[in-house]
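# Topology and contacts: notes
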Amino acid sequence: MKNSQNITWHHSSVSKKERHDRNGHKSCVLWFTGLSGSGKSTLANAVDYALFHEGYRSFVLDGDNIRHGLNSDLSFRPSDRKENIRRIGEVAKLFVDSGLIVSSAFISPFREDRELVRQMFETGEFVEIFVNCPIEVCENRDPKGLYKKARKGEIPEFTGISSPYEKPNLPEIVIETDNTSIAQSVQIIINYLKDKKIL
Ligand SMILES: Nc1ncnc2c1ncn2[C@@H]1O[C@H](COP(=O)(O)OS(=O)(=O)O)[C@@H](OP(=O)(O)O)[C@H]1O
Ligand SMILES: Nc1ncnc2c1ncn2[C@@H]1O[C@H](COP(=O)(O)OP(=O)(O)O)[C@@H](O)[C@H]1O
């Protein structure tokens, strides 16, 4: 029996639209996906910084941080990565329902798992951003020394080396971080949000 069988959904007395009106902008999740070292955290934080300082309500959910707390029970085997992304999707949805612009930075290597998260949201709320960077460049950056360890066989199932990364088929935004500056990337994303009338 599923746990949800005896549980009743409580509707919020304040609507999302009322929260948007109070904030002066809509909410959404900016779902950054890409290899380790591609620039997800850097861009998620840079966009959050820009939004915050322009007076918008925003927040960052970051892979390493969530895996220290909420998802500290999960490994990097495919079934655990799936559960990792499912839980983060649910958390992101709560933040979006609360009226925030959420920047999430998780490898989220499997297309199917990202699509399941997309389906949790209303049309237009899930903005998939493919942080596209050749693995050679990521490996050269190696900001945490993980590729070096993975090449030595010290990290099993490392994305891009011994575990797959499935590129998005139709992401809303693609950023090539090997030839786009951080400032340019932030501008591309802010322009998208303005174009879609989220801001
Ligand atoms: N095996 C393996 N493969 C990939 N990454 C690994 C692994 N082990 C540890 N790390 C570190 O964990 C970060 C990725 O966590 P995520 O929650 O984003 O991964 S996933 O979406 O569940 O695939 C990832 O962070 P980023 O480098 O910021 O992507 C790594 O620092
Ligand atoms: N154009 C760029 N966009 C994003 N990151 C860049 C760029 N150029 C260099 N970098 C560097 O690449 C690294 C990316 O690391 P990080 O943001 O932690 O990636 P991820 O979260 O995808 O693992 C950082 O050290 C960042 O300064």
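Below or above, wherever it landed, is the structure these notes cover. The structure displayed is predicted, hence computed values, not measured ones.

Thresholds applied
- Residues numbered from 1 in each chain as written.
- Chains lettered and ligands numbered in written order.
- Predicted model: local features only at pLDDT ≥ 70, side-chain atom pairs only at ≥ 80, totals over all residues.
- Heavy atoms only, no water.
- Near = heavy atom within 4 Å.
- Polar contact = N/O pair within 3.5 Å; in protein donor to acceptor, adjacent residues only side chain to side chain.
- Areas by Shrake-Rupley, 256 points an atom, 1.4 Å probe, with all protein chains shown as cover.
- Pairing = 2+ DSSP bridges.
- Helix = DSSP H or I, 4+ residues; strand = E, 2+ residues; numbered from the N terminus.
- Axes fitted to C-alpha atoms, helices over the stretch in contact; angles between N-to-C directions.
- Core = buried A, V, L, I, M, F, W, Y, C linked by side-chain atoms within 4.5 Å.
- Buried < 20%, exposed > 50% of the residue type's maximum accessible area, 1.4 Å probe, protein only.
- Contact = heavy atoms within 4.5 Å.
- Parallel < 35°, antiparallel > 145°, perpendicular 65-115°, else oblique.
- Left-handed = near helix turned anticlockwise from the far one by under 90°.
- Nonpolar A, V, L, I, M, F, W, Y, C, P; charged D, E, K, R; others polar.

## So, the site of ligand 2
With respect to spatial proximity, 13 residues lie near ligand 2, and among them Gly-37, Lys-40, Ser-41, Thr-42 and Thr-180 are the closest. In the environment of ligand 2, an oxygen atom lies 2.4 Å from a nitrogen or oxygen atom belonging to the side chain of Thr-42. In this structure, a nitrogen atom belonging to ligand 2 sits 2.7 Å away from a main-chain N or O atom of Thr-180. Relative to its free-state accessible area of 570 Å², ligand 2 is covered by the protein chains to the extent of 76%.

## Some words on the sheet that holds strand 2 (residues 58-62)
With respect to topology, five strands assemble into an open sheet ordered 2-3-1-4-5, the strand pairing being parallel. Strand pairing shows two members of the sheet lacking a second neighbour, strand 2 and strand 5 (173-176), which therefore form its edges. The average undirected angle you get between the axes of adjacent strands in this sheet is 20°. By the bridge criterion, four bridges tie strand 4 (residues 126-132) to strand 5 in an arrangement that is parallel.

## Details of the nonpolar core
The biggest cluster of nonpolar side chains holds 24 residues, and the ones touching the most others in it are Leu-30, Phe-32, Ile-129, Ile-189 and Leu-193. Of all elements in the fold, only strand 1 (28-33), helix 2 (40-53), strand 3 (101-105), strand 4, strand 5 and helix 8 (182-195) reach the threshold of two or more residues within this core. The element best represented in this core is helix 2, accounting for six residues. In contact with Ile-129, other than residues within four places in its own chain, are Leu-30, Trp-31, Phe-32, Thr-33, Ile-173, Ile-175 and Ile-189. Counting residues in hydrophobic clusters, the runner-up holds 16 residues, among them Trp-31, Leu-61, Leu-100 and Val-102.

## Looking at the site of ligand 1
Every one of the 20 residues lining ligand 1 counts as a neighbour, but Ser-36, Arg-67, Arg-81, Asn-84 and Ser-108 are closest to it. Lys-40 has a polar side-chain atom sitting 2.9 Å from an oxygen atom of ligand 1. At 2.8 Å from an oxygen atom of ligand 1 is found a main-chain nitrogen or oxygen belonging to Ser-108. For ligand 1, whose unbound accessible area comes to 630 Å², protein coverage reaches 92%.

## Here we look at the packing of helix 4 (residues 78-97) against helix 5 (residues 111-118)
When two helices pack together, their arrangement is given by the angle between the helix axes and the distance between those axes. Interaxial distance between helix 4 and helix 5 falls to 9 Å at its minimum, and their mutual angle equals 20°. By the angle between their directions, the pair helix 4 and helix 5 is classed as roughly parallel. At the point where helix 4 passes helix 5, the crossing takes the right-handed sense. Touching Arg-81, Lys-82, Ile-85 and Gly-89 of helix 4 are Glu-112, Asp-113, Leu-116 and Val-117, all from helix 5. Tallied by class, the residues present in the contact of helix 4 with helix 5 amount to three nonpolar, one polar and four charged.

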